[in-house]
Amino acid sequence: MKVKACPFCGGKPFVELGSRAFIEGRTEKVCFVRCKWCNARSNRVRLSDYGVTSQSKDAFNDVIEMWNKRAENIKEYEIEYK
Ligand SMILES: [Zn+2]
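Residues numbered from 1 in each chain as written. Predicted model: local features only at pLDDT ≥ 70, side-chain atom pairs only at ≥ 80, totals over all residues. Heavy atoms only, no water.

Chemist: How should the pairing of strand β1 (residues 13-23) be read in this particular structure?
Modeler: Two faces, one strand: in a regular strand the side chains alternate between the faces of the sheet. Here nine bridges tie β1 to strand β2 (residues 26-35), and the two strands are oriented antiparallel to one another. By the bridge assignment for β2, A21 is matched with E28. Connecting β1 to the next strand, β2, in antiparallel fashion are two residues, including E24 with a positive phi near 50°. (Pairing = 2+ DSSP bridges. Helix = DSSP H or I, 4+ residues; strand = E, 2+ residues; numbered from the N terminus.)

Chemist: It is not clear to me how the pattern of salt bridges should be interpreted in this structure. Could you clarify?
Modeler: Proximity of charged atoms lets side chains of opposite charge pair with each other. Within the structure shown, the criterion is met by seven salt bridges. Close ionic contact of E28 with R26 constitutes a salt bridge, the shortest N to O distance being 3.8 Å. On the basis of relative accessible area, E28 is assigned to the buried category, the value being 5%. D49 serves as the salt-bridge partner of R46, at 3.5 Å between the closest nitrogen and oxygen. Since its relative accessible area comes to 55%, D49 is described here as exposed. One salt-bridge network, in which partners are shared between bridges, spans E24, R26, E28, R46 and D49. (Salt bridge = Lys/Arg side-chain N within 4 Å of Asp/Glu carboxyl O. Buried < 20%, exposed > 50% of the residue type's maximum accessible area, 1.4 Å probe, protein only.)

Chemist: Before we go on, may I ask you to explain the coordination of the zinc ion in this structure?
Modeler: Tetrahedral metal sites with four donors have an ideal angle of 109.5 degrees; octahedral sites with six donors have ideal angles of 90 or 180 degrees. Looking at the zinc ion, one finds its protein donor set to be C6 (SG), C9 (SG), C35 (SG) and C38 (SG), positioned 2.3 to 2.4 Å from the metal centre. Seen from the zinc ion, its four donor atoms lie at angles of 99 to 114°, and the figure they make is tetrahedral. One chain supplies every donor to the zinc ion, and in sequence these donors are spaced C-x2-C-x25-C-x2-C. A residue pair is termed long-range when its members are at least 10 positions apart, and C6 in the segment before β1 and C35 in strand β2 qualify at 29 residues. You'll find C6 and C35 in the same group, each marked buried. (Donors = N, O, S within 2.8 Å, 3.2 Å for Na, K, Ca; no water. Tetrahedral: all angles 85-135°; square planar, octahedral: opposite > 155°, others 65-115°.)

Chemist: Quick question: what am I supposed to make of the nonpolar core here?
Modeler: A general feature of soluble globular proteins is that nonpolar side chains tend to end up buried together. By size, the foremost hydrophobic cluster in this structure holds 12 residues: C6, C31, V33, C35, A40, V45, L47, A59, F60, V63, I64 and W67. Of all elements in the fold, only β2 and α1 (57-73) reach the threshold of two or more residues within this core. Among the elements that line this core, the one with the most residues is α1, at five residues. (Core = buried A, V, L, I, M, F, W, Y, C linked by side-chain atoms within 4.5 Å.)

Chemist: So what exactly am I meant to see when it comes to the environment of M66 here?
Modeler: Secondary-structure assignment places M66 in helix α1. Of the residues examined, M66 reaches a relative accessible area of 28% and is grouped as partly exposed. Between the C-alpha atom of M66 and that of R44, which follows or precedes it by 22 residues, the distance is 9.3 Å. Not counting residues up to four positions away in its chain, the partners in contact with M66 are N43 and V45. (Contact = heavy atoms within 4.5 Å.)

Interpretation in functional terms is not warranted from these geometric data alone.
Laid out in structure tokens, this is it:
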């Protein structure tokens, strides 16, 4: 599986496997894609949603897909001149 370069800095991302995050009042194990250079990250997914506690290939694939779509999904603003 390939991962796109970071949309912010062009850096090389990696999958952060087992971080803990506090979500909706609970500590959850999450995984997400993170840029090595600027620390930009994808959305996080909860491993518990995949029925696992440590690693899930499906979870990895999902976060990589989210990351790869990110550049295409970034919204645009009208430019302001001040
Ligand atoms: Zn970056």
